[in-house]
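Coordinate analysis (summary)
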Amino acid sequence: MEYSKLVEIYEALSGTSKLLEKRAIIAGFLKGLNSEEVESAVLLLEGRLFPEWDRRKIGIGTQTVIKSISTSSGKSEDLIKADWAKIGDLGLVAERNISSKTQSTLFSGKLTIDQVFTNLRKLSEIEGGGSTGKKIGLIAELLSASSGVGAKYIVRTCLEDLRTGAGFGVLRDSIASAFDVEVANVQTAYDLTTDISSVAKIAKTKSNEGLLALELSVGNPVKVMLFKKSESIEEGFDVVGKPAAIDYKYDGFRLQIHRSGKEIKLFTRNLEDVTSQFPDIVKMIEKDVNSKEFIIDCEVIGYDKKTGKWKPFQDISQRIKRKYEIEEMIKEVPVMIIVFDIINLDGENLISMPFGERRDKLSKVIREDPLAVSLAKEIVTDSVEKGKEFYAKALSDGAEGVMMKKLDSVYKPGSRVGYGIKIKPVMETLDLVVVGSEWGTGKRSKWLSSFILACRDGNDFKEIGKMGTGFKEKDEEGVSFGKMTELLKPLVVSESGREVRVKPGVIIEVKYEEIQKSTNYDSGFALRFPRFVRLRDDKGLKDVDDLKRVSKLAKSQRSRG
Ligand code: AMP
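Residues numbered from 1 in each chain as written. Predicted model: local features only at pLDDT ≥ 70, side-chain atom pairs only at ≥ 80, totals over all residues. Heavy atoms only, no water.

Some points on the layout of surface pockets
For clarity, the threshold we go by: Throughout, the protein atoms alone are placed on a 1 Å grid, and a set of points is a cavity if a 1.4 Å probe fits but cannot get out or a pocket if it is open with protein on both sides within 12 Å along at least five of seven lines; lining residues have an atom within 4 Å of a point. Grid points are joined across faces, edges and corners, and a volume is the space filled by probe spheres set on the points. Every helix listed is a DSSP run of H or I at least four residues long, and every strand listed is a run of E at least two residues long, numbered separately from the N terminus. Polarity classes work like this: nonpolar for Ala, Val, Leu, Ile, Met, Phe, Trp, Tyr, Cys and Pro, charged for Asp, Glu, Lys and Arg, and polar for all others, with Gly in that last group. Note that domain bounds follow an automatic or database assignment of domains.
Of the voids in this model, the largest pocket is the one considered here, and its volume is about 1300 Å³. Taken together, 40 residues make up the lining of the largest pocket; nearest its centre are K249, R269, K424, E513 and R528. Of all the elements in the fold, those that place two or more residues in the lining of the largest pocket are β2 (244-249), β3 (253-260), α16 (318-321) and β11 (401-406). In terms of residue count, β2 provides more of the lining of the largest pocket than any other element does, 3 residues in total. Looking at the lining of the largest pocket residue by residue, the class counts come to 16 nonpolar, 4 polar and 20 charged. The two domains that each donate at least three residues to the lining of the largest pocket are domain 2 (228-423) and domain 3 (430-559).

As structure tokens, this is what we get:
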């Protein structure tokens with residue numbers, strides 16, 4: 001099928017904010033595709049070239065795109081950059097500058113969806129000397145062979161920023177409607193495979209039966225089960241029932257470990273394959289898990305090599321991205337794993353087995369090995385009293401809190417079902433002042449959309465974090481980006497690119513997950529996951545929380561042993 005047909009769909013999707021309309025547009029389009037076209041079209045509709053779990057990434061940055069637009073349009077890079085600064089979206093820049101069709105040497109005739117898809121995929125394979133030039137050449141050829149609007153979407157696909165407002169839910173519902181299958185079956189199939197494009201193909205070719213026949217497969221990551229939040233042990237029992245399992249909640253990162261024969265693969269919660277970053281974990285698994293085929297769910301935590309005490313997540317986060325000098329990293333930042341669930345053992349799918357039984361299986365297959373592999377510390381109880389004691393012990397041992405789990409629950413991939421809850425101490429909020437901001441991009445380009453926060457230090461203000469969450473798109477729904485822009489614009493003292501500095505004046509109450517020590521901000525602290533609570537226009541600059549309070553709160557968060 002011609003690429004221009006897909007471009008029409010992108011435009012139609014961008015033209016409506018109504019989800020039902022978006023669904024009808026996509027469903028109509030999908031119906032017209034043959035089985036070979038469905039997978040690539042669904043990926044392109046998602047604005048991606050590979051399924052979520054796939055290691056391959058397109059990996060194109062804005063500079064490469066600017067050069068490609070310049071090559072294809074014959075205009076200088078400076079001109080393209082100036083346009084970008086004005087418009088804030090390279091897709092639109094491409095559309096404006098590549099409106100007249102220039103000669104393409106690679107593609108004759110009409111550009112097809114398949115040509116765009118396979119050529120963009122090739123970008124991820126180009127490596128070695130001169131690779132940037134080759135990438136620019138390839139993108140420029142595609143841009144030249146497409147219309148201006150087409151170029152806009154090619155650029156946005158390269159930058160993984162499609163902006164058609166058709167998210168996963170719309171796509172899932174469109175697939176169900178196009179191929180006349182149940183939405184729930186599409187969702188279940190996706191949770192097991194994490195690849196909506198192959199699910200779409202199965203829906204088309206094998207209908208509901210095909211979707212239901214899909215199995216969890218060792219080697220392909222599964223969406224992890226998520227947990228709700230509760231405020232207290234009592235409330236936790238209300239959700240998960242009595243008796244319940246109560247685990248320590250460890251402060252590291254989630255890891256799903258797959259083993260099939262010799263092959264071991266490690267995936268993060270976002271299903272990123274991080275096997276090569278953690279050869280130390282691979283070794284632990286080989287040594288301490290007594291099976292050749294399994295999928296286990298665990299938390300990776302760092303420890304101090306001298307004392308063996310746990311370290312907070314921020315201290316090991318660098319290991320996830322680090323791709324070189326891994327051996328040194330292992331020595332410097334050692335980690336261990338704490339296992340808490342198992343969903344496949346010896347090839348048997350345990351997803352429908354009650355949690356209590358899964359946990360028994362897990363205990364039998366794990367050899368506990370200090371500073372390598374342990375089972376999550378757990379009790380099973382129906383007593384609020386015992387639960388509270390365990391929670392207090394968890395905190396004093398340096399854990400983040402506790403998880404409470406329903407003993408007879410199945411493993412539900414991808415869902416934040418009430419089969420497990422987490423309890424963490426509630427953080428006090430902070431009143432902070434905005435000292436800088438950044439203009440948004442795309443739909444938000446009219447608004448200041450991220451805000452630099454500061455606390456007071458005597459008469460001075462010291463930065464402590466950046467926040468863009470908790471605001472609404474529309475005024476009726478709460479404090480909007482528009483409202484923030486209106487308040488801050490008169491306070492702007494300088495601008496550089498998209499960034500602005502503002503005179504301290506707008507005070508907001510902020511909640512956060514944690515206060516961390518940090519060298520990124522001049523306060524020496526950074527807020528983890530700051531979120532807007534409300535405007536404090538009832539407060540003055542002298543009421544802004546000061547560094548002393550921040551420091552005190554940071555210390556009192558928990559004692560990490
Ligand atoms: P949160 O990230 O605050 O939503 O809390 C849920 C996360 O806690 C999970 O995704 C795991 O990464 C982590 N976690 C730590 N200890 C456990 C445990 N014993 N059971 C389940 N999850 C745990």
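Considerations on the packing of aromatic side chains
Just so we agree on the cut-off: Pairing of aromatic side chains requires ring centres within 6.5 Å, counting the rings of Phe and Tyr and the six-membered ring of Trp. Pairs whose planes differ by under 30 degrees are stacked, by over 60 edge-to-face, and all others tilted. Burial status follows relative accessibility: with a 1.4 Å probe on protein chains alone, a residue under 20% of its type maximum counts as buried, one over 50% as exposed, and anything between as partly exposed.
One pass over the structure, following the stated rule, counts 11 aromatic pairs. Taking the centre distance of 5.3 Å and the plane angle of 75° together, the rings of Y250 and W310 count as edge-to-face. Of the two residues, Y250 is situated in the loop between β2 and β3 and W310 in strand β6 (residues 310-311); the sequence distance between them amounts to 60 residues. Of the residues examined, W310 reaches a relative accessible area of 26% and is grouped as partly exposed. The rings of W447, F451, F471, F481 and F532 are connected pair by pair, giving a single aromatic cluster.

Digging into the nonpolar core
A general trend in soluble globular proteins is that nonpolar side chains are found buried together. Just so we agree on the cut-off: What makes a nonpolar core is a set of buried Ala, Val, Leu, Ile, Met, Phe, Trp, Tyr and Cys residues whose side-chain atoms join them at distances within 4.5 Å. A contact between two residues is defined here by any heavy atoms of the two lying within 4.5 Å.
Core analysis: the largest hydrophobic core is formed by 66 residues, its most contacted members being Y3, F29, L30, L45, I69, L123 and I175. In contact with L30, not counting residues within four places along its chain, are V42, L45, S174, I175, A178 and F179. Counting 34 residues, the second-largest nonpolar core is a separate cluster that includes I285, F294, L350 and L362.

Some points on the pattern of salt bridges
Put simply, the rule reads: The rule for a salt bridge is simple: a side-chain nitrogen of Lys or Arg has to be within 4 Å of a carboxyl oxygen of Asp or Glu.
Evaluated as defined, the whole model comprises 40 salt bridges. In this structure, R48 engages E46 in a salt bridge whose closest nitrogen and oxygen atoms are separated by 3.6 Å. A relative accessible area of 26% places R48 in the partly exposed class. Relative accessible area serves as the criterion here: at 25%, E46 is assigned to the partly exposed category. Put simply, D161 and R163 hold a salt bridge, and the shortest N to O gap is 2.9 Å. Using a relative accessible area of 33% as the deciding quantity, one classes D161 as partly exposed.

Some points on helix α8 (residues 131-145)
For clarity, the threshold we go by: What a helix is expected to span follows from its residue count: subtract one and scale by 1.5 Å.
The end-to-end C-alpha separation of α8 is 21 Å, in line with the 21 Å expected for 15 residues at 1.5 Å each. Where burial is concerned, most of α8 is hidden: 11 out of the 15 residues are buried. Here α8 has its buried residues at S131, K135, I136, L138, I139, A140, E141, L142, L143, S144 and A145. Elements that come into contact with the buried residues of α8 comprise α4 (62-73), α7 (113-123) and α9 (148-158).

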